[in-house]
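What follows is the residue order along each chain.
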Amino acid sequence: MEHTHHSSHAQSHEEEEEHGGHGDAEPIVIKRVAAHQKLAQEMKKSGIDCDALPYGSHQLEHKEAYYSHGFALSSRLVTNKGLIKVNGKNIDFVQVLQRN
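Residues numbered from 1 in each chain as written. Predicted model: local features only at pLDDT ≥ 70, side-chain atom pairs only at ≥ 80, totals over all residues. Heavy atoms only, no water.

1. Thoughts on the pattern of salt bridges
Enumeration over the complete set of coordinates arrives at three salt bridges. Note that Lys38 is salt-bridged to Glu42, the shortest N-O span being 2.9 Å. Residue Lys38 and its partner Glu42 are located together in helix H1 (residues 35–45), separated by four residues, close to a single helical turn. When its relative accessible area of 24% is taken as the criterion, Lys38 is described as partly exposed. The exposure class assigned to Glu42 is partly exposed, which follows from its relative accessible area of 33%. Between Lys44 and Asp51 there is a salt bridge; the shortest N-O distance is 4.0 Å. Taking the relative accessible area as the measure of exposure, Lys44 reaches 46% and is therefore partly exposed. (Salt bridge = Lys/Arg side-chain N within 4 Å of Asp/Glu carboxyl O. Helix = DSSP H or I, 4+ residues; strand = E, 2+ residues; numbered from the N terminus. Buried < 20%, exposed > 50% of the residue type's maximum accessible area, 1.4 Å probe, protein only.)

Encoded structure:
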């Protein structure tokens, strides 16, 4: 049996946890998928060639999110949830942000 848990915490890779059962019970495997990895999976299902990049691997993630300050209703505090590299399109990257 496999369950997928979508995690909003920064993780550098998918983590798997296995819970041993008693007797003949089948072990339960839980895969934690980061927000940007889940979005990349959904984009691939839609036919978009893309890859979820490891956290902090691109200099774009180290810059202050200046664009979040331009709108009155936008939060000044944002959390980087990851970066997705898009291949073969006019868009190079999709940065996943969380308003705080």
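We are not done yet, so read on.
2. With respect to the nonpolar core
Ala40, Met43, Cys50, Ile84, Val86 and Val96 together form the largest nonpolar core, which totals six residues. At the level of elements, H1 and strand S5 (78–86) are the ones that each hand at least two residues to this core. (Core = buried A, V, L, I, M, F, W, Y, C linked by side-chain atoms within 4.5 Å.)

3. What to know about the sheet that holds S5
Here we have three strands laid out as an open sheet, ordered S4-S5-S6, and antiparallel in their pairing. Because the sheet does not close on itself, it has two edges, and the strands there are strand S4 (50–53) and strand S6 (93–99). Direction aside, neighbouring strands of the sheet carry axes that sit 25° apart on average. Relative to S5, H1 is tilted by about 35°, and along the sheet it contacts S4, S5 and S6. (Pairing = 2+ DSSP bridges. Axes fitted to C-alpha atoms, helices over the stretch in contact; angles between N-to-C directions. Contact = heavy atoms within 4.5 Å.)

4. Remarks on the pairing of S5
Pairing analysis gives four bridges linking S4 to S5, with the strands arranged antiparallel. Paired with Cys50 across the bridge in S5 is Val86. In the sheet, S5 pairs with S6 via seven bridges, with the strands oriented antiparallel. Across the sheet, the residue bridging to Ile84 is Val94, located in S6.

5. Some words on H1
Burial in H1 covers these residues: His36, Gln37, Ala40 and Met43. The arc that holds every buried residue of H1, seen down its axis, measures 120°, which confines them to one face. Considering only its buried residues, H1 is in contact with strand S3 (28–34), S4, S5 and S6. A positive phi of about 90° marks Gly47, the residue just after H1. (Arc of directions from axis to C-beta.)

6. Brief notes about the packing of aromatic side chains
By convention here, two paired aromatic rings are described through the distance between centres and the angle between planes. Taken as a whole and assessed by the stated rule, the structure comprises zero aromatic pairs. Over the face of the ring belonging to Phe93 we find Lys85, whose NZ or CZ atom lies 5.4 Å from the ring centre. (Phe/Tyr/Trp six-rings, centres within 6.5 Å; stacked < 30°, edge-to-face > 60°. Lys NZ or Arg CZ within 6 Å of the ring centre and 35° of its normal.)

Purely geometric stuff here, so don't read any function into it on its own.
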